[in-house]
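One letter stands for each residue in the lines below.
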Amino acid sequence: AAIGDDEFVRAYLKEKGDTLCGYTAEDGSHVQGSLDKLITPMAELDAHSAACSMFYSAQCRLDYHLATHLPSQTRELAERMDQCLRRLYETVNGVDLMDETAAPGYPIDPAFTADRFRLRTKDGGSGYRVTKDRANFANAMNQCAPRLAEFFPSLAPLLGDFDPDNDDTRWSLFFSSGSIYATELKSEFNRLKSMYLDACQSAALDPPPPCFLTDPVETFGRGPETKLQKSSFDHIKDVRFQAIEIRVKNQNRDDPRRRSQLGSARCKISQALQSGQQDKQILLTSREFQTAIQSLYRVPITALHPLVGQPIATNYTDRSSRVDLYGENIKTATGPSTSGGSTAIELHHGFLSLIISALKAAGIKVTTGKDVFVVAVNNTPLSTPQDKLLQGILADGVIHAKNLPLSWLGIGMGRYGGLNTLLDVKTLAPGTKYSTPLPANRSPYSAVVATRQDLVDREYHAAAKKLDAARGTPPDTIGPIELEMNTYGHDGKVLGLVLGAYGEFSQGVYEIADLIATKRAHDFCELNNMSLNQAKSMFTRSLHRKWGLYAHRGWAIMVHQRSRHLS
């Protein structure tokens, strides 16, 4: 930290800004800073790696200087850092996601994407932390002042008494001291309070939900709020997410930004694209990563800019579908001519392969589901009409979990332990399903994949009834096909595993991940010194990352492959 007169401190911090963010030379050229030199070439080679560097490292590079200097001294530096990070994020993502101008065709709420980008990853954002909003100085003072007063009693008349009995006035003495540090600390506390109240106003919360940010600033940092910065922004960002929810409700149902936020915001697996590191088995090229990010935020896809308006050829008579800025039509078009080496069937088969591989790696037996009902029809040939009906109950696989100990805890064991379960994988492209009004009791988040998962079981049993009826089973009677189906799962429940258009997954996928992670954790802990919860968390995160990256990469590949085969 710089210690000296104001001019020296300003010069020191300016030099730090020049080193990190670059500067304009006397001849007008831009001299790259260390962040530019690191991120720009990395983004060209591997945009996903560059994004990870931004998330885990670049945006934290000023934290020490923000904590050890007065906010008035670092304000300009923080703004320079935000400008630099915005420029680098544009390089990494291939588009400026913090641009607050209206998206083509969607003039309502033009700042929505930029505000969403600044949300936490668990809220559907990128996890980007605005540097000028940070409260590192306040956090450092809240940590240091009580310890200084404790270890150096001579400072107590200046700093105050931080005994828990004095929590209601813990900063009063310091604020009245006239110290510049006290003045700026109080200003920072008031800034945090204002940020929270402004967020509450945006979320139509009146009165604001009570928390320490609604208390007098003299009490800040008392009790459990020792990590002042984290606690402050947990509250602020909770409310900012509520404000985003209100804005989502006000958007048109066919607005792709609305569909994406409701589809992926609460899906941990989908969030792997922005918060998870790479997986060596699911590597994305820079072009694929940029298309995946742009698709997730539903901004115009740069790879499609030269192709917008071109017809999307199919083998069907309807030739009206054309390439749009957001890639919606190119993903939803059907017909053999749209395959271009990447179809929804291939996306389906790839995800099924990942599921089966993960089950087998955990030592959980999984078999094909195509021969499940042969016994039920007594090995007799099926006629052509009946054969078509049989297609409706050809499961993608059977999970054999009968021999797993029922004493193991977890939602996966609770649903599938001690049973053999039929599974069927489904993929959903963007379309009208995402604009359909939902039942009043259904959460809007990941609702489309949840609805499709429920439909899988109903479709299987309806197909079984039709097939039994075609073979002579009287109405209102359970025939041999449905009887055999009911021997699987809980009362014949067929497990639907749904991959959605925005990289989101249905609840069944989380349950299977839990089942796999539970089995692998128990096996791992037999030979390794790790708690069961830690081991299970490790395997769960690995599965979520791999499956999430696969989903986003799969949709990006589909866009690229199909765009090469346009007529």
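Residues numbered from 1 in each chain as written. Predicted model: local features only at pLDDT ≥ 70, side-chain atom pairs only at ≥ 80, totals over all residues. Heavy atoms only, no water.

Undergrad: In this structure, what is going on with the overall build of the chain? I would like to understand it.
TA: Secondary structure summary: the chain contains 22 helices and six strands in total. If you line up the chain on its principal axes, its C-alpha atoms span 95 × 60 × 50 Å. Taken across its 567 residues, the chain has 51% of its residues classed as buried. By sequence separation, contacts in the chain at least 24 residues apart represent 70% of the contacts at least 6 residues apart. Put simply, the chain shows about 26,500 Å² of open surface, and 53% of that area lies on carbon and sulfur atoms. (Helix = DSSP H or I, 4+ residues; strand = E, 2+ residues; numbered from the N terminus. Buried < 20%, exposed > 50% of the residue type's maximum accessible area, 1.4 Å probe, protein only. Contact = heavy atoms within 4.5 Å. Areas by Shrake-Rupley, 256 points an atom, 1.4 Å probe, with all protein chains shown as cover.)

Undergrad: Explain helix 21 (residues 507–525) here, please?
TA: Because an α-helix completes one turn every 3.6 residues, residues spaced three or four positions apart along the sequence face the same direction. With 19 residues, helix 21 ought to run about 27 Å at 1.5 Å a step, and its terminal C-alpha atoms sit 27 Å apart, in line with that. The element helix 21 is extensively covered by neighbouring structure, given that 14 of its 19 residues are classed as buried. (Expected span 1.5 Å × (residues − 1).)

Undergrad: Looking at this structure, how should I read a nonpolar patch on the surface?
TA: A contiguous nonpolar surface patch, about 450 Å² in accessible area, is contributed by L148, F151, F152, L155 and L158. As for its position among the elements, F152 is in the loop between helix 7 (136–151) and helix 8 (156–159). (Patch = residues over 30% accessible without salt bridge, like charges linked within 9 Å, V, L, I, M, F, W, Y side chains within 5 Å. Salt bridge = Lys/Arg side-chain N within 4 Å of Asp/Glu carboxyl O.)

Undergrad: Got a minute to help me understand the sheet that holds strand 4 (residues 395–400) in this structure?
TA: Strands pair in a sheet through their backbones, by hydrogen bonds, and they do so in one of two ways: parallel or antiparallel. Read across the open sheet, the four strands follow the order 3-4-5-6; overall the sheet is mixed. The open sheet has two edge strands, strand 3 (365–369) and strand 6 (495–499), and neither has a second partner. This sheet shows a mean twist of 30° between the axes of neighbouring strands, independent of strand direction. As paired strands, strand 3 and strand 4 are joined by four bridges and run antiparallel to one another. Considered in strand 4, the bridge of V366 is made with I399. Strands in contact with helix 16 (residues 344–361) are strand 3, strand 4, strand 5 (420–427) and strand 6; relative to strand 5, the strand with the most contacts, it is inclined by about 145°. (Pairing = 2+ DSSP bridges. Axes fitted to C-alpha atoms, helices over the stretch in contact; angles between N-to-C directions.)

Undergrad: What's the story with the layout of surface pockets in this structure? I'm lost.
TA: Space left empty within the atom packing is revealed by a probe, the size of a water molecule, rolled over the atoms. Roughly 1,400 Å³ of internal volume is contained in the largest pocket. Of all the elements in the fold, those that place two or more residues in the lining of the largest pocket are helix 3 (47–56), helix 5 (71–93), helix 7, helix 10 (180–202) and helix 11 (228–250). Considered class by class, the residues forming the lining of the largest pocket number 17 nonpolar, eleven polar and 21 charged. By volume, the second largest pocket amounts to about 730 Å³. For the second largest pocket, the lining is made up of 32 residues, of which V9, T68, H69, L70 and Q73 are closest to its centre. Listing elements by their share of the lining of the second largest pocket, those giving two or more residues are helix 1 (6–21), helix 4 (63–68), helix 5, helix 7, helix 8 and helix 10. At six residues, helix 7 tops the list of elements feeding residues into the lining of the second largest pocket. Classifying every residue of the lining of the second largest pocket gives 20 nonpolar, six polar and six charged. (1 Å grid on protein atoms, 1.4 Å probe; cavity = no way out; pocket = protein on both sides within 12 Å on 5 of 7 lines; lining within 4 Å. Points joined across faces, edges and corners; volume = space filled by probe spheres on them. Nonpolar A, V, L, I, M, F, W, Y, C, P; charged D, E, K, R; others polar.)

Undergrad: Sorry, what's going on with helix 19 (residues 447–470) here?
TA: Its 24 residues give helix 19 an end-to-end C-alpha distance of 35 Å, which sits within 8% of 34 Å, the value for a rise of 1.5 Å per residue. Positive phi shows up at G472, right after helix 19, with a value of about 105°.

Undergrad: Where do I start with the packing of helix 1 against helix 5 in this structure?
TA: Describing two packed helices takes the angle between their axes plus the distance from one axis to the other. Packing of helix 1 against helix 5 leaves a shortest axis separation of 10 Å and a crossing angle of 5°. Put simply, helix 1 runs roughly parallel to helix 5. Here D6, V9, L13, K14, G17, D18, L20 and C21 of helix 1 lie close against helix 5, whose contacting residues are Q73, T74, L77, R80, M81, C84 and R87. For the contact of helix 1 with helix 5, the per-class residue count stands at seven nonpolar, three polar and five charged. (Parallel < 35°, antiparallel > 145°, perpendicular 65-115°, else oblique.)

Undergrad: Sorry, what's going on with the pairing of strand 4 here?
TA: Walk down a regular strand and you will see the side chains alternate between the two sheet faces. In terms of residue burial, strand 4 counts as a mostly covered element, since five of its six residues are buried. Here four bridges tie strand 4 to strand 5, and the two strands are oriented antiparallel to one another. For G397, the partnering residue across the bridge sits in strand 5 and is L423.

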